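# Descriptive structure summary
If you want the building blocks of each chain, they are given just below.
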Amino acid sequence: MRLPSGCRRLLLLAPRLRAAGRRRCNTAAFMPEAAGFPGVSGRADLQEFSVSNSESFWAAVARGRLSWISPFHTVRDCDLSRGKIHWFEGGKLNVSVNCLDRHVHTCPERVALIWERDEPGSEVKYTYRELLEMTCRVGNLLRRRGVKRGDCVTIYMPPCPLAVASMLACTRIGAAHNVVFAGFSAEALSERIRDAQSTTVITVNQGVRGGRLIELKKTVDEAVQSCPNVQQVLVAMRTDNPVPMTARDVAMEEEMSKEDVVCEPAAMNSEDVLFLLYTSGSTGKPKGLVHTQAGYLLYAALTHRYVFDYHDGDVFGCVADIGWITGHSYCVYGPLANGATTVLFESTPIYPDPGRYWDMVQRLKINQFYGAPTAIRLLLKYGDDWVKKYDRSSLKTLGSVGEPINTEAWEWYHRVVGDGRCPVVDTWWQTETGGVCIAPKPSPPGADIVPGMAMRPFFGIKPVLMDTEVSGDVLTDNNTSGALCIAQPWPGMARTIHNDHQRFIETYCQPYPGYFFTGDGAHRSPEGYYQITGRLDDVINVSGHRIACPDVAESAVIGISHSIKGQGGTPPFLLAVNRPPERCSTFSFFCFFFVSTADKEEEDLTRQLNDTVSKKIAKYACPDFIQFAKRLPKTRSGKIMRRVLRKVVERDLDGLGDLSTLDDPAAVQEIIEGHRKVVGKKPQ
């Protein structure tokens with residue numbers, strides 16, 4: 001019997017319809033909200049929908065992933081040209097409820113925090129119920145001591161459960177928090193306390209790191225001498241050692257014991273301030289970036305789940321300090337919003353030996369490990385045995401954060417640490433972005449991961465490259481480089497700079513009107529993947545030309561007024577860190593691998609740099625001085641401290657300022673000594 005033509009066409013289409021149906025089911029299983037997105041039948045479609053239908057995407061995700069006290073009525077009200085960024089207006093929620101209460105209702109005895117203390121093998125676990133009770137006690141204590149909705153509490157503590165509870169307690173009662181890295185000096189701390197206008201500070205008697213005691217209470221005592229607004233300092237006891245207490249000081253645990261384990265959560269507007277977080281001040285006064293309630297929490301939770309392929313029951317190990325945005329987003333808010341078990345790491349990568357990370361992975365059965373390229377390069381030097389000594393079979397995903405990771409470190413991380421089976425997600429984001437913006441994952445199953453590349457934009461992120469030399473226009477072609485901007489707002493982005501919105505506009509919104517300017521340069525490969533090439537300030541820029549040399553691991557160009565050459569300096573001054581030839585990758589503008597070189601090699605590279613500039617631009621554009629260094633002074637988040645280098649070049653050593661924000665202040669002395677030798681020579 002011959003079937004009608006319509007039936008025959010249906011039979012021929014059936015395999016394709018079944019395949020499309022499976023893709024839709026798989027996509028909905030991957031992200032349940034996708035079932036309601038028209039035309040979305042795969043992950044590529046999902047990414048496209050999240051950008052082209054941004055409001056629909058974020059509205060669905062926000063309704064499905066956050067617990068609201070009152071629903072929002074407006075998804076987005078933004079104008080990047082004016083620095084106006086509002087999400088989920090009309091909505092009310094409480095962040096601590098989203099991070100704690102809703103999980104206590106379903107799984108109260110699930111482990112929320114694993115505190116990996118400085119002493120190996122002495123980890124302490126806290127369930128969601130225990131963390132909620134601690135948070136409520138701190139919240140009630142703060143309320144009793146006069147902290148009100150809208151106040152800002154400064155927290156100067158090492159990674160520990162009480163620090164997390166203090167952050168969440170602030171969110172519970174409607175106060176903002178200002179966490180300051182507990183390695184900063186009294187000067188850096190006092191500047192942040194004053195700018196945040198805090199009347200309350202929370203700290204510990206002493207910190208413990210790498211087997212050493214750190215006198216944190218003493219630092220706070222010194223800092224608050226220049227902070228007349230501070231009325232009280234809550235002091236917790238990390239060690240058993242007593243410290244001097246003044247009339248201003250409050251014994252925190254003793255007072256917490258008097259409080260109830262129930263604390264009524266405040267109903268917060270979506271755009272109320274959640275926290276301030278100050279940058280390290282690589283170019284001047286630290287910026288107090290402002291993040292708000294709903295948008296930040298949603299973005300941190302979504303990126304945590306999908307960038308790292310987190311699944312319920314996994315143990316997430318981010319080894320960042322809570323004083324950085326990475327610690328905020330991926331030690332605290334992202335994991336806890338997802339009901340995860342998250343690790344707080346108090347120690348160092350090499351204490352008591354270079355196997356510390358991997359011993360921790362074995363003991364805690366960590367599934368996702370997220371660390372910095374600086375630490376990976378350090379451990380690479382100690383060889384493979386320290387890694388292979390421990391069972392790392394629990395690992396499923398490896399992450400990198402803070403700066404671009406060089407190819408050699410990436411390959412060692414993948415091959416040795418991950419046994420060649422764990423994807424490495426090299427993430428790009430900033431304090432300003434709130435969470436990961438570009439990373440290899442999420443991606444379709446089996447998709448490429450290219451060493452040293454951030455690669456793919458996250459949901460809702462639309463990166464663009466801008467012409468930095470002539471027009472300032474969007475560069476639409478692949479295989480091109482430019483200034484990295486983001487073309488549309490996303491919920492996790494910072495809203496302003498505390499007390500200085502004009503600076504926010506000038507820094508991020510005015511350089512390329514209508515776009516968010518990241519300050520970084522990037523290359524888009526022929527395949528459309530993104531590779532971060534470094535801060536635009538750190539690429540040689542003479543007379544409008546930008547130069548990159550494959551044999552220079554990284555550089556810092558210090559621009560001082562010059563009547564002819566512009567941002568070349570008087571004299572134009574280039575500070576470079578060399579890359580050994582055997583470690584050069586096929587494509588890598590910046591590798592961040594610090595090496596020392598012999599004088600002969602430096603002479604050869606000086607000649608090469610000048611020849612490159614001469615060939616690509618002209619002889620007149622060659623820098624008058626080139627200084628080589630074993631390393632450049634950086635903040636702990638990996639940014640080159642240009643303001644310090646500028647003071648060295650200007651010979652204003654009295655103006656170096658606070659160096660406690662540096663990863664290793666000794667690098668500055670090396671630069672000073674090298675500079676004295678260079679300026680004593682005839683200009684190159």
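Placed above this text is the structure.
Bear in mind the structure is a predicted one, so any value in this text is a computation, not a measurement. (Residues numbered from 1 in each chain as written. Predicted model: local features only at pLDDT ≥ 70, side-chain atom pairs only at ≥ 80, totals over all residues. Heavy atoms only, no water.)

For the protein, the count of helices and strands is 19 helices and 33 strands. Here the protein, with 684 residues, has 58% of them falling under the buried criterion. Split by element, the accessible area of the protein, about 26900 Å² in all, is 50% carbon and sulfur. (Helix = DSSP H or I, 4+ residues; strand = E, 2+ residues; numbered from the N terminus. Buried < 20%, exposed > 50% of the residue type's maximum accessible area, 1.4 Å probe, protein only. Areas by Shrake-Rupley, 256 points an atom, 1.4 Å probe, with all protein chains shown as cover.)

Attention now moves to the nonpolar core. Grouped together as the largest cluster of nonpolar side chains are 134 residues, with contacts concentrated most on Phe57, Phe88, Leu162, Tyr333 and Leu336. A total of 10 residues in this core trace back to one element, the largest contributor, which is helix α10 (residues 293-307). Not counting the four nearest positions on each side in its chain, phenylalanine 57 is found in contact with Met31, Phe37, Leu46, Phe49, Ser50, Leu302 and Phe459. Counting residues in hydrophobic clusters, the runner-up holds 29 residues, among them Val315, Leu398, Val416 and Val417. (Core = buried A, V, L, I, M, F, W, Y, C linked by side-chain atoms within 4.5 Å. Contact = heavy atoms within 4.5 Å.)

When helix α13 (residues 373-381) is considered as a whole, its buried residues turn out to be Pro373, Ala375, Ile376, Arg377, Leu379 and Leu380. Next to the buried residues of α13 lie α12 (356-364), β18 (368-371), β19 (397-400) and α15 (407-417). Positive phi shows up at glycine 383, right after α13, with a value of about 90 degrees.

Moving on: helix α3 (residues 54-65). Between the first and last C-alpha of α3 there are 16 Å, a value that for 12 residues agrees with the 16 Å anticipated at 1.5 Å per step. Along α3, the residues classified as buried are Ser54, Phe57, Trp58, Ala59, Val61, Ala62 and Arg65. Turning to α3, the residues buried within the fold contact α2 (43-52), β1 (74-79), β2 (84-89), α4 (95-106) and α10. (Expected span 1.5 Å × (residues − 1).)

Turning to its location among the elements, arginine 392 is positioned in the loop between α14 (385-388) and β19. On the basis of relative accessibility, which here comes to 5%, the residue arginine 392 falls in the buried class. Each residue touching arginine 392, except ones within four places of it in the same chain, is listed here: Trp358, Val361, Val387, Val416, Val417, Asp419 and Arg421.

Pairing is mixed in the open sheet, where eight strands are placed in the order β12-β11-β8-β6-β7-β14-β15-β26. For this open sheet the edge positions go to β12 (249-251) and β26 (496-497), each flanked by a neighbour on one side alone. As paired elements, strand β6 (residues 152-156) and strand β7 (residues 176-179) share four bridges and run parallel to each other. What sits directly across from valine 153, in β7, is histidine 177. The strands that helix α11 (residues 325-337) touches are β7, β14 (273-278) and β15 (288-292); relative to β14, the one it contacts most, it runs at about 140 degrees. (Pairing = 2+ DSSP bridges. Axes fitted to C-alpha atoms, helices over the stretch in contact; angles between N-to-C directions.)

This part takes up the pattern of salt bridges. Scanning the entire structure with this criterion turns up 28 salt bridges. Note that arginine 172 and aspartate 101 form a salt bridge whose closest N and O atoms lie 2.8 Å from each other. In this pair, arginine 172 is assigned in helix α6 (residues 161-173) and aspartate 101 in helix α4, connecting sequence segments 71 residues apart. Look at arginine 172 and you get buried, because its relative accessible area is 3%. Ionic pairing is found between arginine 129 and glutamate 133, a salt bridge with its closest N-O pair at 3.5 Å. Taken together, the positions of arginine 129 and glutamate 133, both in helix α5 (residues 128-144) and four residues apart, correspond to about one turn of that helix. (Salt bridge = Lys/Arg side-chain N within 4 Å of Asp/Glu carboxyl O.)

Nothing here speaks to function; it is all geometry.
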